[in-house]
Amino acid sequence: MRIRAGAVLLMCCLAIAGPALSQPRQAELAGTIRDDSGGAVVGAVVTVRSVASGVAATAVTDGRGAYRVPALVAGDYVVEASRPGFRSEPMRISIGAAESRTLDLTVAVASVAETVTVTRADQELAVVPQAIDVVTEVDVQPGQRRVSLSESLRGIPGVFAHDRGNYSESFGVRLSLRAPVRGVGIGVRGVQMVQDGVPLTLADGTTQPTNIDLGSAGRIEVIRGPSAVLYGNSAGGVVTLSSEIPPARALLVQPDLQFGSEGYQRQQVKLAGTSGRVGYLVNASRMETDGFRQHSHAESRQANVVVRAAMSASTDVRGVFNLFDMPFAESPSTVGLEDARLRPRAVRQIAIDQGFGEASTQGQGGLTMEHRFAAGGVLRATGWGMWRDVWNPIPGRVVDLWRTGGGFRTELGGSTTRTAVPITWIAGIDTSLQRDDSLELANEGVAGGGRTRTGDLLVDQLERVRSLAPFGQVTLAPHARWTITAGLRYDNYRFEADDHLLANGDQSGGRTLDAFSPTVGVTYAAMSGLNVYGNAATAYETPTTQELSNRPTGEGGFNTELEPEDLVSYEGGVRGFVPRWRLRFDVAGYVSTLKNALVQYQREDEQDFYRNAGESSRKGVELVLEWRPAPRLAARIAYTYQRFRFVRFATDAGDYSGHREPGAPPQQLFGSLSYEAAWGLRATADARWVDAYPANNANTFSNWAFTVVDVRLAWTRGIGWLGARPFLGIDNLFDERYNGSIVPNAFGDRFYEPSAGRALYGGLTFGR
């Protein structure tokens, strides 16, 4: 039924765009975007906005820097082009009826003039007192597998992102932001995620990244550090993803085929276009792999539908629907140090005998309305809903979960002037609901290679979470060089558990958790192209329903001893560019104090539980350098230093005060070099070094340091009438033996998840 419902919705979305396909051709605008040295700029967004109606049409430049915007009506337009680090001056032009006009634009280096939306408003990066990174379509799609979010985020400082190769947990993504890695089976923690305006993070702070569709991703923005005033339940930061802008033509069909080592294959087909005031994008894909390790086979299917419609000159509506289906992904579990070094493909026999893995299906959709008032204010309102069905055999038990959720979020923003001081503001209310029907049954093992057998019922309870959060933020510019931002958010969470397994008593109960999260920041424009900023922020992060319900006693209900995390952070940084050297830079440092850090541990039965550390200290320095010595040559360096330690933390097993927090590499270094030849070949080489880091609270075991080099070749222009664009990639070029991730404090010192050696993949994308 769910598959049929998704198909019906897909047909409806196509029907919305279809009627206008036969409209007569109108005027069009075309041209080329170049930088100030004459080089073509690939992936630049060209915006053509009508002066009369305010309706905008957009296009993205191809491998030659060319763009085309058809179906324009006669009138006056403002045209500008931008890409992270580059921007053109707005140009006003007039276009006659049925006129085909050519307009070439030149973009100049403008790193601090980038516009970002991750702040829930269209803000210039120059006035944002936080560290923010932007990844564009050119860096996400060409030559990439487009399977794991780690592909796009590994070059951002402060981020630990890796494809674990174990798709049974969070679809293989291990992700943390200014925090140690933690958690198995619960998804991404400590990071708020939003895709096309629809929250992926649920009321309890859990994010399952399965619905993220990198095959149609056009832009990723990341806030490094707490942003609770705007997003709530998270201490690490925020990741927002936007689907690519539909092309200006009526219909574009783009099949994509990939094959690679370890039985890897991926097929994708994308349909996108614009007709009149409606733009649409439909992307469907299938991925299958045998995996690097034994018992690692996985198969998944994914669909992403986005429809944007300009209802009037001042009102836009966007509909989004995602569907993810994974029949069953096998899990090889973790291994000890000897196996990790000498037998990295090995799997623990218990993983086979008890059928470790996960089958899951998830659907999510949302509708966003944006209205621009005549006075300049903007109202955005989003309603969304989701469901997730999970079958998850783990050590000793099988988790059977049916989850539903939804919510509503609004934001109203505007600007004014008081006593000659420009003021911009944003305010809103976020609310969300979550309902988990959770069963846990004894794992009786696998018979004859079939489905895991279940035994006695161990947990049967209904878990509900409700959150309500009003917020507001105001930005003042008391001086041409100074900008001050301050905000406040109040979060109220209600967790409830109804215990349906009453043989050992009724453990039903609830907890109310709430907090105020203030923030204040200052930005100073020291000179042209140089900004200094600082902020003081707080964050509040509740335990998830899984963390609360995993009680060491084995009873139902919630763990009443587990407390939320409270973070206070102070950050300072400088960003800018040196036009003479064509060099962009961003340096940030922070000092944070965290109370009640959630620390994972395992018992002999390998069940995962959580306890609070008294106090932790987290300090870090992050550096980004981007250098473009020639129009077609670009280099990037990202460096991370972090010192995470327990200040006060003692358990029955020992006193860990002064020890390093497990799962946090002290240093990371990423380097990238890319070159695009005039005839369309783009070559990229990435290298990342990760320092050794502790695997347990006692710091007696560590994950050793490693260096991994990846290379990619991608043809950016279409060949022949089919527009074929071949690509080839080699992951781990020098066949480094390493563990991309660990499970902190795993029982039996089995911390390690070995990663693949050298792996080759390649494919073809069709369609111009």
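Only a predicted model underlies this, so the values are computations on that prediction, with no experimental measurement involved. (Residues numbered from 1 in each chain as written. Predicted model: local features only at pLDDT ≥ 70, side-chain atom pairs only at ≥ 80, totals over all residues. Heavy atoms only, no water.)

### Notes on the overall build of the chain
Looking only at helices and strands, the chain has seven helices and 46 strands in total. Taken over the C-alpha trace, the chain has a radius of gyration of 26 Å; the compact-globule value for 768 residues is 27 Å, and the two agree within 12%. If you line up the chain on its principal axes, its C-alpha atoms span 80 × 60 × 50 Å. Across the chain, contacts joining residues at least 24 apart in sequence account for 65% of those joining residues at least 6 apart. (Helix = DSSP H or I, 4+ residues; strand = E, 2+ residues; numbered from the N terminus. Rg over C-alpha atoms; globule rule 2.2 N^0.38 Å. Contact = heavy atoms within 4.5 Å.)

### Looking at the sheet that holds strand β18 (residues 237-243)
In spatial order, the strands read β12-β17-β18-β15-β16; together these five strands make up an open sheet with mixed pairing. Across the chains shown, the open sheet's two edge strands, defined by having one partner strand only, are β12 (131-136) and β16 (198-199). As paired strands, strand β15 (residues 191-195) and β18 are joined by five bridges and run parallel to one another. Looking at β18, one finds that Gln192 is bridged to Val238. (Pairing = 2+ DSSP bridges.)

### Some thoughts on the pairing of strand β25 (residues 378-394)
Where strand β24 (residues 357-372) lies against β25, 14 bridges are found, and the strand directions are antiparallel. Within the sheet, the bridge partner assigned to Ser360 lies in β25 and is Val390. One ladder, built from 17 bridges, connects β25 with strand β26 (residues 397-418); its direction is antiparallel. The residue bridging Arg380 from the neighbouring strand is Glu411, located in β26. Adjacent in sequence and paired antiparallel, β25 and β26 are bridged by two residues, among which Gly396 carries a positive phi angle near 80 degrees.

### Some details on the environment of Thr640
Position of Thr640 relative to the elements: it lies in strand β35 (residues 633-648). Given a relative accessible area of 3%, Thr640 falls into the buried group. Measuring from C-alpha to C-alpha, the distance between Thr640 and Val690 comes to 9.6 Å, with 50 residues separating the pair along the chain. Sequence-distant contacts of Thr640, defined by excluding residues within four places in its chain, comprise Pro157, Gly158, Val621, Pro666, Gln667 and Gln668. At 2.8 Å, the side chain of Thr640 and the backbone nitrogen of Gly158 are in polar contact. (Buried < 20%, exposed > 50% of the residue type's maximum accessible area, 1.4 Å probe, protein only. Polar contact = N/O pair within 3.5 Å; in protein donor to acceptor, adjacent residues only side chain to side chain.)

### What to know about empty space enclosed by the protein
This structure, assessed with the given rule, holds 11 cavities of 30 Å³ or more. When its volume is computed, the second largest cavity comes out at roughly 620 Å³. Lining the second largest cavity we find 36 residues, and of these Arg145, Asp163, Tyr167, Asp731 and Ala756 sit closest to its centre. At the level of elements, α3 (150-153), β13 (159-163), β42 (706-715), β45 (752-754) and β46 (759-765) are the ones that each hand at least two residues to the lining of the second largest cavity. Here the element with the most residues in the lining of the second largest cavity is β42; it accounts for three residues. Looking at the lining of the second largest cavity, its residues break down into 11 nonpolar, 13 polar and 12 charged. (1 Å grid on protein atoms, 1.4 Å probe; cavity = no way out; pocket = protein on both sides within 12 Å on 5 of 7 lines; lining within 4 Å. Points joined across faces, edges and corners; volume = space filled by probe spheres on them. Nonpolar A, V, L, I, M, F, W, Y, C, P; charged D, E, K, R; others polar.)

### Remarks on the pairing of β35
The pairing of strand β34 (residues 608-630) with β35 spans 14 bridges and is antiparallel. Within β35, the position partnered with Lys619 by the bridge is Arg643. Linking β34 back to β35 in an antiparallel pair, the connection comprises two residues. Across nine bridges, β35 lies against strand β38 (residues 667-676) in antiparallel orientation. Bridged to Tyr641 within β38 is Gln667.

### Quick look at the pattern of salt bridges
Evaluation of the coordinates by the stated rule reveals 50 salt bridges. Between Arg189 and Glu547 there is a salt bridge; the shortest N-O distance is 3.5 Å. With Arg189 in the loop between β14 (173-177) and β15 and Glu547 in helix α7 (residues 545-549), this pair connects stretches of sequence that are 358 residues apart. Assessed through its relative accessible area of 8%, Arg189 is described here as buried. Where Lys270 meets Glu244, a salt bridge forms, and the shortest distance between an N and an O atom there is 2.8 Å. With Lys270 in strand β20 (residues 264-275) and Glu244 in the loop between β18 and β19 (252-260), this pair connects stretches of sequence that are 26 residues apart. Note on Glu244: relative accessible area 8%, which makes it buried. Through salt bridges with shared partners, a single ionic network connects Arg120, Asp316, Glu370, Arg372, Arg380, Glu411, Asp430, Arg489 and Asp491. (Salt bridge = Lys/Arg side-chain N within 4 Å of Asp/Glu carboxyl O.)

### Quick notes on the side chain of Asp213
Within the secondary structure, Asp213 is located in the loop between β16 and β17 (217-224). Comment: no salt bridge for buried Asp213; closest opposite-charge side chain is Arg266, at 4.6 Å. At 3.0 Å, the side chain of Asp213 and the side chain of Asn283 are in polar contact. Asp213 has contacts with Gln195, Asn283, Gln302 and Asn304, leaving out every residue within four places of it along the chain. (Lys, Arg positive; Asp, Glu negative; His and termini not counted.)

### A look at the packing of aromatic side chains
Summed over the entire model, instances satisfying the criterion amount to 14 aromatic pairs. Ring geometry for Trp679 versus Trp715: centroids 5.5 Å apart, planes at 50 degrees, classification tilted. Within this pair, whereas Trp679 is found in the loop between β38 and β39 (681-690), its partner Trp715 is found in strand β42, the two being separated by 36 residues in sequence. In textbook terms, an aromatic cluster arises when at least three aromatic residues are bridged by ring pairs, as seen for Phe701, Trp704, Phe751 and Tyr752. (Phe/Tyr/Trp six-rings, centres within 6.5 Å; stacked < 30°, edge-to-face > 60°.)

### Quick notes on the nonpolar core
Counting 21 residues, the largest nonpolar core has Leu149, Leu153, Leu175, Met193, Leu214 and Ile220 as the members making the most contacts within it. Put simply, the parts of the chain that give this core at least two residues each are β13, β14, β15, β17 and β18. Contact partners of Leu149, with chain neighbours within four places excluded, come to Val173, Leu175, Met193, Ile212, Leu214, Ile220 and Leu241. Within the second largest apolar cluster, 20 residues are counted, among which are Tyr67, Leu72, Ile93 and Ile95. (Core = buried A, V, L, I, M, F, W, Y, C linked by side-chain atoms within 4.5 Å.)

### Quick look at unusual backbone geometry
Positive phi, normally seen in glycine, also occurs at Arg146, with a value near 65 degrees. Of the residues examined, Arg146 reaches a relative accessible area of 6% and is grouped as buried. Even without being a glycine, Arg582 presents a positive backbone phi close to 55 degrees. Here Arg582 lies in the loop between β32 (565-578) and β33 (583-602).

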